[in-house]
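Residue-level listing of the chains:
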Amino acid sequence: MSRQTDDRRWWSLVRSHFQQFLSEATVRDPGAADLLTPESFYGLYISWCLLHRINPVQGSDFDAGMRRFGIDVHRSGLAMTGPAAADYILASQPGNGRTNTAAG
């Protein structure tokens, strides 16, 4: 099987997953003071996955998936919103006792 076929198969599996994440956990707000950094973007994704009981993809696959949606994780113009945002913020606080997220 070719690399291109593998890539298409992977994309068909995670496309709706990423669409749902972007819809539920992010908002386009270029004027916001606290836009997502690459680390917080992925951390938000991890929190969203935990809340949905979904196995997250690796960071490099997350970045590739966002690129396929036309989103540069370094300059996304996105801010966090919703329950995953609250989870990420709480998980990133010192002494929270959580070790299973990318936060903090």
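Note that the coordinates shown come from a computational prediction; the quantities given were computed from them, not determined experimentally. (Residues numbered from 1 in each chain as written. Predicted model: local features only at pLDDT ≥ 70, side-chain atom pairs only at ≥ 80, totals over all residues. Heavy atoms only, no water.)

A. Molecular detail of helix 4 (residues 82-91). Turning to helix 4, its buried residues are A84, A85, D87, Y88 and A91. Take helix 4 and look down its axis: the buried residues cluster within an arc of 165°, on one side only. Facing away from the buried side of helix 4 by more than 90 degrees, the exposed set consists of P83 and L90. (Buried < 20%, exposed > 50% of the residue type's maximum accessible area, 1.4 Å probe, protein only. Helix = DSSP H or I, 4+ residues; strand = E, 2+ residues; numbered from the N terminus. Arc of directions from axis to C-beta.)

B. Local environment of the packing of helix 2 (residues 38-52) against helix 3 (residues 59-68). Running from N to C, helix 2 and helix 3 point in directions that differ by 100°, and their axes come no closer than 11 Å. When the axes of helix 2 and helix 3 are compared, the pair comes out roughly perpendicular. Residues F41, Y42 and Y45 of helix 2 form the contact with helix 3, whose participating residues are G59, F62 and M66. Residue composition of the contact of helix 2 with helix 3, by class: 5 nonpolar, 1 polar and no charged. (Axes fitted to C-alpha atoms, helices over the stretch in contact; angles between N-to-C directions. Parallel < 35°, antiparallel > 145°, perpendicular 65-115°, else oblique. Contact = heavy atoms within 4.5 Å. Nonpolar A, V, L, I, M, F, W, Y, C, P; charged D, E, K, R; others polar.)

C. Broad picture of the packing of aromatic side chains. As enumerated under the stated definition, the model contains 10 aromatic pairs in all. With 5.4 Å between their ring centres and 85° between their planes, F21 and Y45 make a pair best called edge-to-face. You can see F21 sitting in helix 1 (residues 3-25) and its partner Y45 sitting in helix 2, a full 24 residues away along the chain. Taken individually, F21 and Y45 each receive the classification buried, so the pair is uniform in this respect. (Phe/Tyr/Trp six-rings, centres within 6.5 Å; stacked < 30°, edge-to-face > 60°.)

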